[in-house]
Amino acid sequence: MKDVYDCIIIGAGVSGSAIAYNLSRYRGSFLVLEKENDLCEGTSKANSAIVHAGFDAEPGTLMATLNVRGSQMMEELANNLDIPYSRNGALVVAKNKNDIRKLEELLERGKKNGVKDLRIIETEEIRKIEKNINDDVCLALYAPTSAIICPFTLNYALAEVAYNNGVKFAFNSKVVNIIKENNIFIISLENGKTYKSKVLINAAGVYADDIHNMLSSDKMTIVPRKGEYMVLDRSAISFVKHTVFPLPTAMGKGILVTPTIHGNVLLGPTATDIEDKNNTETTREGQDTIKGKCNSSMKDVPLSKVITSFAGIRAHDVRHKFTIEENSEVKGFIDVAGIESPGLTSAPAIGEMVVMIVKNILPLKEHHRFKSTRKGILNPRELDNLGYKRLVRFRPDYANVICRCHKITKGEILDSINRPLGATTLQGIKKRTTAMMGICQGGFCTFEIMNILNEALLKKGKSLSNGRIS
Amino acid sequence: MSDLKMFKHIKEAVSAFMGRYNLIVLGGGPAGLAAAISAYDKGERSILILEREEKLGGVLNSCIQDGFGIDVFGESLTGRDFVKRLVDKIEERKIAYKLNTTVLGITENKEIEAVSPSDGVMKLEARCIIYTLGAREMPRGSLNIPGSRPIRGIYSAGALQKLLDEGVKIDSKNVIILGSDDVGLSTANRLIKMGVNIKCVLEPKECIYGSFYNKEKSLDKNNIPLMLSHTITEIIGKNELKSVKVKNLQNGNEEKVDIDTLIISVGLIPECSVLNNLGLRMSEDTQAPIVNEHFESDISGLFVCGNALYVHDIVDHIIEEAKECGRFAYDYIMHREGQEIKFEETIPFEHSNTIKGVVPQLFTKSQFPEVSVIRFRVKSTIKNAIIQVLLDNKPYIEIKRALLTANVVYPIFLYRQDILISAPSSIKVNVFSENQ
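What you see as residue numbers is a count from 1 along each chain, following the sequence as written. Whichever chain is written first is A, and whichever ligand is written first is 1; the rest continue in order. Reporting in this predicted model follows two pLDDT cut-offs: at least 70 for local features of residues, and 80 or more for side-chain atom pairs to be given and counted; totals over whole chains, interfaces and linings ignore these cut-offs and use all residues. Values shown for side chains rest on all heavy atoms present in the structure; no hydrogens or waters enter the calculation.

Draft legend 1. Layout of the pattern of salt bridges. One side-chain nitrogen of Lys or Arg within 4 Å of one carboxyl oxygen of Asp or Glu is enough to make a salt bridge. Taken as a whole, this structure holds 48 salt bridges over all chains when the rule is applied. Between Arg381 of chain A and Glu412 of chain A there is a salt bridge; the shortest N-O distance is 2.7 Å. With a gap of 31 residues between them, Arg381 of chain A in the loop between β22 (365–366) and α9 (385–394) and Glu412 of chain A in helix α10 (residues 410–418) connect regions that are remote in the sequence. Of the charged contacts, one joins Glu434 of chain B and Lys400 of chain B as a salt bridge, the two residues approaching to 3.5 Å between their closest N and O atoms. Of the two residues, Glu434 of chain B is situated in the segment after β25 (427–433) and Lys400 of chain B in strand β23 (residues 394–404); the sequence distance between them amounts to 34 residues. To sort residues, take the accessible area from a 1.4 Å probe on protein chains only and compare it with the maximum for the residue type: under 20% means buried, over 50% means exposed, and anything in between is partly exposed. Here Glu434 of chain B falls in the partly exposed class, since its relative accessible area comes to 41%. Under the relative-accessibility criterion, Lys400 of chain B is labelled exposed at 57%. One continuous salt-bridge network, built from bridges that share partners, spans Glu160, Arg374, Asp415 and Arg419 of chain A. The secondary structure listing takes helices from DSSP runs of H or I that are at least 4 residues long and strands from runs of E that are at least 2 residues long, numbered from the N terminus.

Draft legend 2. Focus on the sheet that holds strand β12 (residues 230–236) of chain B. Residue and element names in this part refer to chain B. Spatial ordering of the open sheet is given by β12-β13-β14, a layout of three strands whose pairing is antiparallel. The sheet is open, and its two borders are formed by β12 and β14 (254–258), each paired with just one other strand. Across this sheet, the average inter-strand angle for adjacent strands is 30°, counted without regard to direction. Paired strands are those between which DSSP finds at least two bridges. When strand β13 (residues 243–248) meets β14, the two strands line up antiparallel, connected through five bridges. Bridging across to β14, Val244 finds its partner in Val257. Angles shown run from 0 to 180 degrees and are taken between the N-to-C directions of axes, each axis being a line fitted to C-alpha atoms and, for helices, limited to the stretch in contact.

Draft legend 3. Layout of the packing of aromatic side chains. Only the six-membered ring of Trp is used, alongside the rings of Phe and Tyr, when aromatic pairs are assigned; centres must lie within 6.5 Å, and planes under 30 degrees apart are stacked while those over 60 apart are edge-to-face, with the rest tilted. Using the criterion set out here, one finds 12 aromatic pairs over all chains in the structure. Between the aromatic rings of Phe185 of chain A and Phe333 of chain A, the centroid separation amounts to 6.4 Å while the plane-to-plane angle is 50°, which identifies the pairing as tilted. Of this pair, Phe185 of chain A sits in strand β12 (residues 184–189) while Phe333 of chain A sits in strand β21 (residues 333–337); the two residues are 148 residues apart in sequence, bridging distant segments of the chain. Taking the relative accessible area as the measure of exposure, Phe185 of chain A reaches 0% and is therefore buried. On the basis of an interplanar angle of 15° and a centroid distance of 4.8 Å, the ring pair of Tyr229 of chain A and Phe310 of chain A is categorised as stacked. Taken as a pair, Tyr229 of chain A in strand β14 (residues 222–232) and Phe310 of chain A in strand β19 (residues 306–317) lie far apart in primary sequence, 81 residues in all. A connected cluster of aromatic rings, assembled from ring pairs, spans Tyr163, Phe169 and Phe171 of chain A. For a ring to carry a charge above it, either NZ of a lysine or CZ of an arginine must fall within 6 Å of the ring centroid while also lying within 35 degrees of the normal to the ring plane. One Lys or Arg, Arg52 of chain B, reaches over the ring of Phe444 of chain A and ends 4.9 Å from the middle of that ring. The aromatic ring of Phe73 of chain B is capped on one face by Arg85 of chain B, whose charged end is 5.3 Å from the ring centroid.

Draft legend 4. The arrangement of the interface of chain B and chain A in detail. Note on definitions: a residue-residue contact is assigned when non-hydrogen atoms from the two residues lie within 4.5 Å. Every contact between the two is made by 39 residues of chain B and, on the other side, 37 residues of chain A. By definition, the buried area sums, over both parts, the 1.4 Å-probe accessible area that each loses when the two are put together. Here chain B meets chain A over a buried area of about 3300 Å², counting both sides, of which 54% is carbon and sulfur. When the buried area of chain B at its contact with chain A is split by residue, Asn144, Arg149 and Arg152 of chain B rank highest and sum to 18% of it. Our enumeration of links across chain B and chain A arrives at one salt bridge.

Draft legend 5. Molecular detail of the state of the cysteines. The definition used for a disulfide is geometric: two cysteine sulfur atoms within 2.5 Å. Here the structure, examined in full by the defined rule, presents zero disulfides over all chains. Of all cysteine sulfurs in the structure, the one in Cys138 of chain A sits closest to Cys294 of chain A, which takes part in no disulfide; the separation is 20 Å. No disulfide involves Cys63 of chain B; its sulfur sits 18 Å from the nearest other cysteine sulfur, which is in Cys440 of chain A. When its relative accessible area of 11% is taken as the criterion, Cys63 of chain B is described as buried.

That is the geometry; function is a separate question.
Okay, structure coming up:
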């Protein structure tokens with residue numbers, strides 16, 4: 001264990017991982033502390049998975065700048081880091097001719113924010129590009145630069161590259177106390193360990209206020225805002241092409257209907273402020289709201305194809321803004337707080353920005369052996385016939401189909417466990433491979449996957465943590 | 001052996017070596033096995049069965065209670081013994097099969113892409129395919145029950161049965177089963193024998209989903225209450241299941257009940273995702289491909305039977321149906337291959353909206369078999385029922401039944417001579433209560 005780290009980041013969600021990724025370009029000792037047993041366990045695993053174009057955020061705000069910058073960076077990042085991504089475009093739809101003003105407002109905002117190719121389109125064109133749009137939709141803002149991405153892989157890929165370039169990660173490391181002594185942060189964990197660092201970065205998501213308030217007298221309040229979603233089976237994929245939004249309201253972007261990068265259809269999110277930051281339960285009201293509202297923009301949403309529903313908590317700052325800055329009172333302490341939508345989109349840009357802040361505090365020298373790319377888990381279904389045949393000859397595990405719904409093979413599952421920062425739980429395998437996320441929701445394959453995990457962990461000298469069958 | 005027979009044998013062996021078969025059966029469960037045996041007995045020798053598990057038999061391998069085979073073998077057998085009888089016939093006839101083989105896709109030219117650890121990737125060609133991949137359970141996610149998503153404590157019945165087969169120890173103390181389909185009832189029976197306490201079986205409908213026989217055997221004999229018109233409205237418990245909210249749908253009362261295990265058995269859906277790319281017409285009622293009286297889908301030579309076509313109630317009926325299908329497949333290979341059925345020749349089947357799904361959904365005038373069995377289920381209980389078949393709106397059959405329930409698949413027999421004589425352009429099945 002290093003004595004004093006240059007930087008410690010609290011939180012291994014997409015923000016923390018993006019910061020780690022950017023920091024790893026430089027020489028230094030960096031550590032990420034994550035309270036859960038894996039990366040991507042907070043809001044990063046339960047969101048709309050949209051790379052927003054940037055017309056929604058208010059011009060001049062940090063949200064707007066980082067949204068657009070993230071949106072511009074994402075395609076290249078996805079290529080370099082092998083992240084599933086697709087620029088499918090978005091539509092914000094209106095049903096009233098009078099609402100053209102609201103669309104024009106978004107258009108103006110978008111233009112001011114630097115979003116390219118935005119335009120307002122009418123009924124005929126809307127129907128041509130999105131055949132199941134509701135009959136009474138007459139106008140839409142079309143944003144061709146909007147995209148969909150795999151939020152899990154984005155998180156994992158950023159962290160993996162950071163790790164490969166020397167950043168350390170500690171899991172099951174919940175921070176319970178922080179003090180600053182002689183310009184060094186002393187961070188105490190629930191498990192009794194202590195770490196020290198020169199710079200401390202608070203990327204703790206919904207808990208960013210708790211972390212902030214351990215050090216700063218200027219109290220921060222993050223309101224947990226729950227968003228529920230419903231997922232439709234892959235057989236519904238032809239139902240919708242673009243990410244379809246209703247007109248935005250004070251509570252947010254509204255309930256969207258969107259394809260996902262993995263071929264499902266996603267409906268949601270709702271927006272309800274709650275008390276308990278841990279409450280990720282879905283509710284009857286929330287699910288009913290989704291069912292009611294999704295048919296507003298689209299007609300005859302195939303709700304019978306629902307395969308699961310989930311809820312995520314957004315870190316909502318009551319002022320509806322990102323706080324990404326060195327604390328004025330506590331030098332060396334950088335907040336990355338209030339990262340609600342467009343948080344996922346902004347992540348690469350947040351990573352950039354935070355590192356610039358760090359550079360003002362610490363002298364950072366570039367890491368000449370920085371490896372900026374990575375290859376993700378090999379997907380045998382993307383190989384051509386010959387390629388697949390060859391693969392299977394060397395690695396018969398890739399011919400052993402475990403998840404029948406998504407045709408995920410043993411080879412992929414092993415890769416997800418054995419690669420750097422690999423899975424140690426069923427949930428971890430699920431997010432890295434999409435196994436168990438299909439129509440049977442793990443009914444057929446959970447047992448086999450557990451066996452594979454157990455075997456692989458035993459080889460590594462570890463044991464199964466949270467995948468036990470009762 | 002005559003020269004011609006020898007030649008045929010060699011030709012078939014060479015074709016098989018090159019991945020070409022006359023008949024490929026997808027799925028080695030009861031339907032697939034029965035269809036293959038039937039085709040063989042009629043004369044087909046170039047047959048291959050593809051099965052994704054490491055043994056043949058499908059879900060019946062998990063069924064330790066008896067009641068199977070009364071029609072087919074004249075005995076009441078356990079699921080496993082029933083399977084053994086079928087597998088013995090396969091082995092006797094030396095019908096080829098591949099295990100641990102997953103079908104990845106089918107083309108409209110009846111080419112099959114499959115993969116297995118031992119054979120790697122396979123591209124197989126068939127002159128005729130019988131698709132019997134069975135049906136899949138509906139998990140909690142499809143029911144969209146709100147609440148927590150605990151990692152431990154919620155299982156679909158079939159998945160739990162499989163765990164038990166593998167020797168996994170279940171330490172459940174308080175169990176509720178949601179849904180009364182046969183898989184759930186069998187699971188109840190099995191768990192009770194292991195000393196697990198099952199509080200009750202909840203059934204959202206007003207009638208049991210599984211068979212009455214199974215109810216008696218699994219629930220009544222074990223004093224497990226069946227609560228009709230009851231469902232679960234919320235799941236509570238972050239990492240482990242702690243309790244559920246049970247709702248009485250008749251009076252709206254909701255009650256919180258502490259349990260550690262919830263078993264879901266609300267019914268099966270035909271497993272047809274592998275057929276998605278073929279653009280086959282699908283029946284909204286059965287969620288499976290539309291077929292004609294020969295069990296043939298829109299693609300000529302692609303047959304569907306068993307639970308993949310229609311969720312059956314009794315395995316013996318599946319065997320009957322699969323035997324028919326096997327014979328039709330042989331006839332297809334021998335006589336009808338390459339003949340497209342003209343659209344004008346097909347008669348769609350209409351039915352009253354008291355019926356939930358009729359199989360088959362089409363008839364072909366020119367090739368109507370001697371006897372054709374139509375199977376249907378009613379949506380809800382009908383007392384003093386009249387089952388009517390109308391040919392061109394004229395009554396052809398009228399049957400009276402005191403009680404029809406949604407958990408039974410009812411047959412109607414149609415005879416070729418009657419069809420040929422009346423040459424109808426529409427056939428309708430009506431079911432209604434005399435009391436109306």
